[in-house]
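Architecture at a glance
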Amino acid sequence: MILKPSYKFLFFITVLCFSLLGFSQNNRKEKSIVKAVDQHTEKAIALVKKTVNINSGTMNFDGVQEVGQLYKSELDKLGFKTELTKGDTYGRAGHLIATRQGKKGPKFLMIGHLDTVFELDSPFQEYTMLNDSIMKGPGVADMKGGDVIIILAMQALNDAGLLDDMSIEIIMTGDEEKSGDPIALSKKDLIDAAKRADIALGFENGDNNPKTIVVSRRGSTDWQLKVTGNPAHSSQIFTDQIGAGAIYETSRILNEFYGQLAKEKDLTFNPGFIIGGTTLQPDEDGTGGHAFGKTNVVSQETLVRGDLRAVSLEQLIKAKATMKRIVSEHYPKTNAELTFSEGAYPPLTKTEGNVKLLGYYNTVSEDLGFGSVTAVNPRNAGAADISFTSEYVDMAIDGLGLTGGGGDHTISETGNLNTVAIQAKITAVLMYRLVNSKL
Ligand SMILES: [Zn+2]
């Protein structure tokens, strides 16, 4: 007897065949991405070494441009439209901007920076290898390693024939470590790019742990508190005419800041500088000064400077309002004025989109055999350029760069060169899946 297969069963087999075909095609594409990364890794590491040894302290404009030129020529080879801009209008070296238009999928913005905190007078100018994989060098993790990971991921996608589909804008700023002034001009290219993009990927080193990704960063803004009181002989303090004096009013304000806001999760505010007395001569750079005052004179002036770090725009606005309210409630016969600086770094607010993107990243990392990845505690992630994209993109994650070391911003900065290939593989496969809806 011949068994007639049911149509349902045939249909099931057909669907299975097609999906297996699709699966193996994806797998083949992803395998070719991984293979291409491996093929380019040696050259990528050589590029990390070469550029780490070029001083690009933010204020060494020639060095920043030289590093930018090297990365630019790599992106030129991949068919990007590239430009090294001039930063004259905001007093910095300028940025590297590279773009290409594809027809498929979301628009990516990939973020790096060319500058480091190590200026020409730093004793830290060249790399040394601590063992086969750990490199100690100025900017290896923050973030020339991350810049090269971007380039390596692009090379791999190009080799795999996938780059032409994609819309990508890469921006490597020249003043991440010491923003140009005015900040609105310094960050304009980055913000404009964010407005065009759907997904932002930052290649900073995060908390230096390859098992973590940044989904929220705290923003930081500086504040200044100026308080005045009525000067008089100390015996007259607390009278109706003289009141409490500037120093008591200052202590009230700072105490209230502490009492009302110190318990807010992920919010910090640190008064880092204070002078007070009868007359003040603060230094222009804001870090020092001279105060004259006597024990038997009611204080006339104080000056406090501090910072404020918040994890979301909402938290920042709330904290500012609370601080302003506290400042407006004066002790008798005193006055106080609180101002927030213009050059603020906004927070990278933790959004549903960011968490979703971390989920995709985690899946790719697991699929490629690199294990699972979780979110960094925002208290361990400082302000960075990606925060400027927060308002404009649907999804953003940072910390995709060279990790596995530590000591950023010090002469002991290290990074693990083995993370270059790993991070580039995850990045390139993630982008491929996002563009082809393979998530
Ligand atoms: Zn950085």
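About the cut-offs
- Residues numbered from 1 in each chain as written.
- Predicted model: local features only at pLDDT ≥ 70, side-chain atom pairs only at ≥ 80, totals over all residues.
- Heavy atoms only, no water.
- Helix = DSSP H or I, 4+ residues; strand = E, 2+ residues; numbered from the N terminus.
- Buried < 20%, exposed > 50% of the residue type's maximum accessible area, 1.4 Å probe, protein only.
- Contact = heavy atoms within 4.5 Å.
- Areas by Shrake-Rupley, 256 points an atom, 1.4 Å probe, with all protein chains shown as cover.
- Lys, Arg positive; Asp, Glu negative; His and termini not counted.
- Charge placed at Lys NZ, Arg CZ, Asp CG, Glu CD.
- Donors = N, O, S within 2.8 Å, 3.2 Å for Na, K, Ca; no water.
- Tetrahedral: all angles 85-135°; square planar, octahedral: opposite > 155°, others 65-115°.
- Salt bridge = Lys/Arg side-chain N within 4 Å of Asp/Glu carboxyl O.
- Polar contact = N/O pair within 3.5 Å; in protein donor to acceptor, adjacent residues only side chain to side chain.
- Arc of directions from axis to C-beta.
- pLDDT = per-residue confidence, 0-100.
- Pairing = 2+ DSSP bridges.
- Phe/Tyr/Trp six-rings, centres within 6.5 Å; stacked < 30°, edge-to-face > 60°.
- Lys NZ or Arg CZ within 6 Å of the ring centre and 35° of its normal.

Focus on the overall build of the chain
If you tally the helices and strands in the chain, you get nine helices and 17 strands. By its C-alpha atoms, the chain is 115 × 55 × 40 Å across when sized along the principal axes. Evaluated residue by residue, the chain yields a buried proportion of 52% over its 439 residues. In the chain, once contacts between residues fewer than 6 apart in sequence are set aside, the share between residues at least 24 apart is 78%. Total accessible area on the chain is roughly 20,600 Å²; 53% of this is exposed by carbon and sulfur atoms. Counting 46 positive and 53 negative side-chain charges, the chain places the centres of these two groups 8 Å from one another.

Thoughts on the coordination of the zinc ion
A four-donor tetrahedral metal ideally has 109.5 degree angles, and a six-donor octahedral metal ideally has angles of 90 or 180 degrees. Protein coordination at the zinc ion comes from H113 (NE2), D142 (OD), E204 (OE) and E204 (OE), with a distance range of 1.8 to 2.4 Å. One can describe the site at the zinc ion as irregular: its four donor atoms subtend angles covering 55 to 140 degrees at the metal. Counting the intervening residues between successive donors of the zinc ion yields the motif H-x28-D-x61-E. In this pair, H113 is assigned in strand 3 (residues 107–113) and D142 in helix 3 (residues 140–159), connecting sequence segments 29 residues apart. Summarising the burial analysis for this pair, H113 and D142 share the class buried.

Observations regarding unusual backbone geometry
With an omega of -10 degrees, the peptide bond between D142 and M143 qualifies as cis. When you line up the elements, M143 lands in helix 3. Residue P182 is reached from D181 by a cis peptide bond, and omega for that bond is 0 degrees. Along the chain, P182 falls in the loop between strand 6 (167–173) and helix 4 (183–186). Its identity as a non-glycine residue notwithstanding, N208 has a phi of 70 degrees, on the positive side. Assignment of secondary structure puts N208 in the loop between strand 7 (199–202) and strand 8 (212–213). With a relative accessible area of 12%, N208 lands in the buried category.

Quick look at the pattern of salt bridges
If you walk through the whole model with that rule in mind, you get 16 salt bridges. Between D164 and R100 there is a salt bridge, with its nearest N and O atoms 2.5 Å apart. Taken as a pair, D164 in the loop between helix 3 and strand 6 and R100 in strand 2 (residues 96–100) lie far apart in primary sequence, 64 residues in all. Under the relative-accessibility criterion, D164 is labelled exposed at 53%. By relative accessible area, which is 11% here, R100 ends up buried. One network of salt bridges, with partners in common, ties together E30, D367 and R433.

A few points about the side chain of R433
Checked against the element boundaries, R433 lands in helix 9 (residues 418–435). Given the relative accessible area of 8%, R433 is considered buried. A polar side-chain atom of R433 sits 2.9 Å from a polar atom in the side chain of D367. Among all residues touching R433, those that are not within four sequence positions of it are E30, T363, V364, D367, K438 and L439.

A short note on helix 5 (residues 188–196)
Among the residues of helix 5, L190, I191, A193 and A194 are the ones counted as buried. End-on, the buried residues of helix 5 take up no more than an arc of 160 degrees, which puts them together on one face. Residues of helix 5 that are buried in the fold lie against strand 3 and strand 6.

Quick word on the confidence of the model for the chain
Looking at the chain as a whole, the pLDDT averages 93, with 94% of positions reaching at least 70. Segment residues 1–5: pLDDT under 50, and zero contacts once partners within four positions in sequence are set aside and those in other chains are kept. Low pLDDT, under 50, characterises residues 15–20; the stretch is placed with zero contacts to residues that sit more than four places away or in other chains.

Structural notes on the sheet that holds strand 4 (residues 128–129)
If you trace the three strands from one edge of the open sheet to the other, you get 4-5-17, paired in antiparallel fashion. Looking at which strands have only one partner, the edges of the open sheet turn out to be strand 4 and strand 17 (414–416). Bridge analysis of strand 4 against strand 5 (residues 134–136) gives two bridges, and the strand direction is antiparallel. The residue of strand 5 that forms the bridge with M129 is M135.

Re the packing of aromatic side chains
For the coordinates displayed, the defined rule picks out five aromatic pairs. Both rings, one in W223 and one in F257, keep their centres 5.8 Å apart while their planes meet at 90 degrees; by these two values the pair is edge-to-face. Of this pair, W223 sits in strand 9 (residues 219–228) while F257 is found in helix 6 (residues 246–261), placing the two residues 34 residues apart along the sequence. Residue W223 is classed as buried on the basis of its relative accessible area of 2%. Accessibility expressed as a relative area gives 1% for F257, which makes it buried. With a centroid separation of 6.5 Å and 90 degrees between ring planes, the pair formed by F257 and F269 is classed as edge-to-face. Taken together, the residues span a long stretch of sequence, with F257 in helix 6 and F269 in strand 10 (residues 268–277) at a distance of 12 residues. Overall, the relative accessible area of 14% leaves F269 in the buried class. Within the aromatic cluster, the residues linked to one another by ring pairs are W223, F257 and F269. The lysine or arginine in question, R100, covers the ring of F80, its NZ or CZ lying 5.5 Å from the ring centre.

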